[in-house]
Every structure is written in structure tokens, then in C-alpha cells.
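A look at the structure
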Amino acid sequence: MTAVRTDTAPKQAPEATRFPTGFVWGAATAAYQVEGAAAEDGRTPSIWDTFSRTPGKVRNGDTGDIAADHYHRYRDDVALMKQLGLKAYRFSISWSRVQPTGRGPAVERGLDFYRKLVDELLEAGITPVATLYHWDLPQELEDAGGWPQRVTAERFADYSAIMAGALGDRVGMWTTFNEPWCSAFLGYGSGVHAPGRTEPAAALRAAHHLNLAHGRAIEVLRGQLPAAAQTSVTLNLHQVRPLTASAADADAARRIDAVGNRVFTGPMLRGEYPEDLIADTSNLVDWSKLVQDGDLAAISRPVDVLGVNYYTPTLVSTPEKGGGGSGSDVHGASDFSPWPGSEHVAFHLAEGKERTAMNWSIDPNGLYDLLMDVTRDHPGLPLMVTENGAAFDDYVSPEGRVEDPERISYLHGHLDAVQRAVADGADVRGYFLWSLMDNFEWAYGYSKRFGTVYVDYASQRRIPKSSAYWYADVIRRHALPPGGLS
Ligand code: FCB
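Details of the confidence of the model for the chain
- Within the chain, residue pLDDT values average 95, and 95% of them lie at 70 or more.
- In this model, residues 1–10 is a region of pLDDT below 50 whose contacts with residues beyond four sequence positions or in other chains number 17 contacts.

Laid out in C-alpha cells, this is it:
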């Protein structure tokens, strides 16, 4: 078997080419997806606790109450990471665990969990990479209006200061937000994510306040962290492709690029909202009131690295061509669109491609193109692939093993794409596999397994899948194995 590739692919990197010196090999998780201990040590509900308890929102009524029990098993989990040779661990902090009401003083017991986790990682020689927000807003802040309210950005700045104070001496890599697109547009637009609101105008307001919160947090982090610390934000930049070469389909792609990508990269990396985004959505929000004096300067404070998450491309056309596939059902189907102002667009599933258990098409060239596009649009910006991976229907064999050749093929193809992008000039500093272990996959509950380590939820036993040993080998070699897939 060879890595997935199409004839349009740029030429493959020579076999056994090594990744750049210092290239970071990691795996990622997020607090609500793995920690459990939802009501321990002073933690209060986040919007995901509330949402997962609302009937019909999460498959099988699953919740993150126990999840992978990482809160209690973090020592064993770090030992496993060490065994696999991981060099970095990207985790997120549960805001309502450290600041239960979303304002005011921190809870020491909550902070202690992260201090202990970080110490354990450092002890094991694994670099901690902390994300301040991976979707779990304290419920109290949602009750006060949530991200559509400007004040939430100020609350986030305070929370960032608490975390920089608690971990700044030992965490050298910080990410403000993970995929703010999902928080804004799945949380407040399509409603498939917490808090489950379906208000397109609120989704756009949320996007601006997430941007503002990012900028305020960068200011706080820069003020408190040692000079060598790195700051970043992680975006799920949609690799948008028009279905045909027609001008109309190109315009559909432009709209989705605006409300999916440039709504974040515009203010963060250029200090402005794109004019076409403003025009496309002016019936929903008055941008001149939403964006206040000084906001753009705050949002565009420089980051050291841009994190990009990539799983699958997004194929779009004008509505006449039908569709209804990927894009309208990212992370879960809904009667409402996550794309405000984009009634003129239809989404499609790529024909003839292999798919993961999420029904996402497998297309490593999408990652290559994405890294090259960002490099072209923002020359010199260091990049990090902060998530990439796939769900498959993994199971434990009678011999107690979990064989996941499809995941190995997926990872091989995507790492090859990273390597090609590096060879062609993209400054990619690292790669984080999503995910270290199976976990609570949001609206899909525990039905989708993204881990390279299998979790038997009944016993909480961890079983590294064959991809984990494959990844460990890649890390050891600092290169893809010679001879393609083993
Ligand atoms: C990303 C999320 C991550 C996980 C993967 C599959 O959008 O950041 O938590 O759900 O998708």
C-alpha cells in the first residue's frame, strides 16, 4: 500500500527525508474531552456540561463526566506518552475548574491539577503546550450572554492572567483559542455545539469577541510570560475548494473563505476585517458598531506561531448544484447553517475519495495546499500543525490488540504532505496528532475514536493502537519510515 496521493500532487519528498531540526512531535487532547472529574475540587459546569445533559444534543446522551478519567490518570498517561517518545503534549485548561464562576479569584485545587500535570510532563522530558480555551465556557458566563457579549472578552483576559501567573514559570508554549470558528459558528449558528444557539447574528458577534479576547490574552501573556515563551492561536482554516471552475462556484468559495477563515486571519494577522465579509453579512450585524476603536490594534498583536488544524477539505458550489455534504455537517448535522450570510452556497462530499468514520474525505493534498496558502498569504509566519488525525471504527482483537492500518495510512499521507510543504518553503515547526487517546468527541459522544491509544471506557484501560507504535517509530527516526507504509 502506498500513501494516498492524486496525480495533481506535487512530487513526493524523497524517502527518509528527515524533518527539520527542532521539529516538534506531539499529540493533543482537550480538557472536556478527556479529564472527567466534572464536579470535583470546585469545578463548576461549563457550557458543555449543560449541553451534554440536554436531551438530544449528544449521541447516546454521553457526557464528559468521566471521559478518559485523565484528571485521575494523568501520571499513567504521561508515562505512556514518554514510552511512545512524544516530545510535546498539547492539552487545554478547563476555565471553570480554575475560575468556577468565570470571574474573581482562582481555585487553588483546580490550578494544582495543571501544575501537577505540567510538572509530570517536564519530569518526563515532554514539552507542555497549553491551550487556554478549547470550547468550555463557564456556564455562568453563558448565562450572562456568552461570547456574543463583549464583556466575555474581558473575563477571558482576567482568566489568562491567572493562568500565566500559575504556569508561566513552567509552560513555554501558549495558545489562546482552539478553533474559534467552532465556538462562534457551531455554538451560536448551527447549534450543534454548546451552547446550542441558532442565531446567525450572535455567531458573528461571538466571532468578533473571540478575536478580541485572543488579542487581550496575547497582551496579558506577553506582559507576564518570560521573553522566550511562545504565544499562538489555533485556527481550523477551511481548505475551501470550488466544485467547478465556474465564476459562480469561485464566488461560493470566496464567501466561505471569508466567513470561515478570513474572519479570523483578517483581524489577527492583518489588523482588518475583510471588506467582502462585511458586505456579505451587513444584513446581520453592523460591523461599524460591533468593532470599537482600538479593537483591531488589540486583535492584531503578533503571535509567535500560528497553529493550524486540518482534517479534510471543504468543497463548495452555488446552491443549484444540490449538495448538503461536508461543511453543513461539520461536527454534526443541523437544520441551521453555521455559515451566516452564505445562503448562496452548497456543500459537497468529494467523489471517489476514501473516508473516515466521520464521513470526512481523506485528502492529504488539502493539508499541503493549506500550509502553502498560509505561507503565500502571510510570508514568514511560523506554523504548527496543532491537530490532524482520523476516526475509524477501532476494536480490540481477541488477542488484545488494536490494529488501525487506515490511521497509519492517513497519518503517513498527511505527514508526507507536511514534509512536501516544508520542502516548498512553509515554515512548519511541529505536528500534533489528534488525539493522544480516544475521547468524548463532542456531539458524537464516545461513538467516534480519534485516539492513537485505545480507551476501554468500562475499565479505563489504555491500549496503544498499531498507529501509536508507528508514530513512535516516526518520532525516533525523525523521518517517515523508508519504503512507504509498513
Ligand atoms: C477538532 C477539535 C477537536 C476534535 C477534532 C476531531 O475540530 O478541535 O477537539 O473534536 O476536531
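Don't stop here, the text continues.
Section: the packing of aromatic side chains
- For the structure shown, the criterion picks out 37 aromatic pairs.
- Here the aromatic rings of Phe91 and Tyr114 are separated by 6.5 Å at their centres, their planes lie at 10°, and the arrangement is stacked. Taken as a pair, Phe91 in strand 2 (residues 88–92) and Tyr114 in helix 5 (residues 108–123) lie far apart in primary sequence, 23 residues in all.
- For Phe91, a relative accessible area of 2% gives the class buried.
- Of the residues examined, Tyr114 reaches a relative accessible area of 0% and is grouped as buried.

Some words on the sheet that holds strand 2
- Taken in spatial order, the eight strands line up as 1-2-3-4-5-7-10-11 and close into a barrel, and their pairing is parallel. With direction set aside, neighbouring strand axes in the sheet form an average angle of 25°.
- Of the strand pairs in this sheet, strand 1 (residues 24–28) and strand 2 are connected by three bridges, and their pairing is parallel. By the bridge assignment for strand 2, Ala28 is matched with Arg90.

Regarding the packing of helix 9 (residues 200–224) against helix 10 (residues 247–270)
- Relative orientation of the contacting elements helix 9 and helix 10 amounts to 35°, with a least axis distance of 10 Å. With respect to the hand of their crossing, helix 9 and helix 10 are arranged in right-handed fashion. Residues Leu204, Ala207, Asn211 and His214 of helix 9 pack against Val259, Val263, Phe264, Pro267 and Met268 of helix 10.

What to know about the site of the ligand
- Taken together, the residues surrounding the ligand are Gln33, His134, Trp135, Asn178, Glu179, Tyr311, His331, Glu387, Trp434, Glu441, Trp442 and Phe450.
- In the model, an oxygen atom of the ligand is placed 3.0 Å from a nitrogen or oxygen of the Asn178 side chain.
- Between the ligand and Glu441 there is a distance of 2.9 Å, counted from an oxygen atom to a side-chain nitrogen or oxygen.
- Here the ligand, which alone exposes 290 Å², has 99% of that area covered by the protein.
- Split into classes, the residues belonging to the shell around the ligand amount to five nonpolar, four polar and three charged.

Some words on the side chain of Ser466
- Summarising the element assignment, Ser466 is placed in helix 16 (residues 466–477).
- The buried category is assigned to Ser466, whose relative accessible area is 17%.

Describing the environment of Glu403
- Within the secondary structure, Glu403 is located in the loop between strand 10 (383–388) and helix 15 (405–423).
- Judged by relative accessible area, which is 47%, Glu403 ranks as partly exposed.
- For Glu403 and Ser467, which are 64 residues apart along the polypeptide, the C-alpha to C-alpha distance reads 7.6 Å.
- Among the polar contacts listed, one links the side chain of Glu403 to the side chain of Arg401, at a separation of 3.0 Å.
- Only 3.5 Å separates the side chain of Glu403 from the side chain of Ser466, close enough to count as a polar contact.

A few points about the nonpolar core
- Trp48, Ile93, Trp147, Phe156, Met163, Phe185 and Leu371 are the most contacted members of the largest nonpolar core, which totals 151 residues.
- Among the elements that take part in this core, helix 9 stands out by supplying nine residues, more than any other.
- In this structure Trp48 touches Tyr32, Val58, Trp135, Asp136, Val192, His193, Ala194, Phe440, Trp442 and Ala443, once residues within four positions along its chain are discounted.

Structural notes on the sheet that holds strand 6 (residues 240–242)
- Pairing within the open sheet is mixed, and its three strands lie in the order 6-8-9. With one partner strand each, in any of the chains shown, strand 6 and strand 9 (346–348) form the two edges of the open sheet. In this sheet, adjacent strand axes meet at a mean angle of 40° when their direction is disregarded.
- As defined by bridge partners, strand 6 adjoins strand 8 (residues 314–317) across three bridges and the pair is classed as parallel. The residue of strand 8 that forms the bridge with Pro242 is Val316.

Looking at the side chain of Gln139
- Mapped onto the elements of the fold, Gln139 is located in helix 6 (residues 139–143).
- Assessed through its relative accessible area of 16%, Gln139 is described here as buried.
- Residue contacts for Gln139: discarding those within four places in its chain leaves Pro45, Ser46, Ile47 and Thr50.

Quick look at the environment of Asp473
- By secondary structure assignment, the location of Asp473 is in helix 16.
- It is 21 Å that separates the C-alpha atoms of Asp473 and Gly400, two residues lying 73 residues apart in sequence.

Comments concerning helix 16
- The end-to-end C-alpha distance of helix 16 is 17 Å, a good match for the 16 Å that twelve residues give at a rise of 1.5 Å each.
- Of all twelve residues in helix 16, nine are buried; the element is thus mostly enclosed.
- Close packing links the buried residues of helix 16 with strand 1, helix 3 (70–84), helix 15, strand 11 (428–434) and strand 13 (461–464).
- Count one or two residues on from helix 16 and you reach His478, which has phi positive near 60°.

Basis of the calculations
Residues numbered from 1 in each chain as written. Predicted model: local features only at pLDDT ≥ 70, side-chain atom pairs only at ≥ 80, totals over all residues. Heavy atoms only, no water. pLDDT = per-residue confidence, 0-100. Contact = heavy atoms within 4.5 Å. Phe/Tyr/Trp six-rings, centres within 6.5 Å; stacked < 30°, edge-to-face > 60°. Helix = DSSP H or I, 4+ residues; strand = E, 2+ residues; numbered from the N terminus. Buried < 20%, exposed > 50% of the residue type's maximum accessible area, 1.4 Å probe, protein only. Pairing = 2+ DSSP bridges. Axes fitted to C-alpha atoms, helices over the stretch in contact; angles between N-to-C directions. Left-handed = near helix turned anticlockwise from the far one by under 90°. Near = heavy atom within 4 Å. Polar contact = N/O pair within 3.5 Å; in protein donor to acceptor, adjacent residues only side chain to side chain. Areas by Shrake-Rupley, 256 points an atom, 1.4 Å probe, with all protein chains shown as cover. Nonpolar A, V, L, I, M, F, W, Y, C, P; charged D, E, K, R; others polar. Core = buried A, V, L, I, M, F, W, Y, C linked by side-chain atoms within 4.5 Å. Expected span 1.5 Å × (residues − 1).

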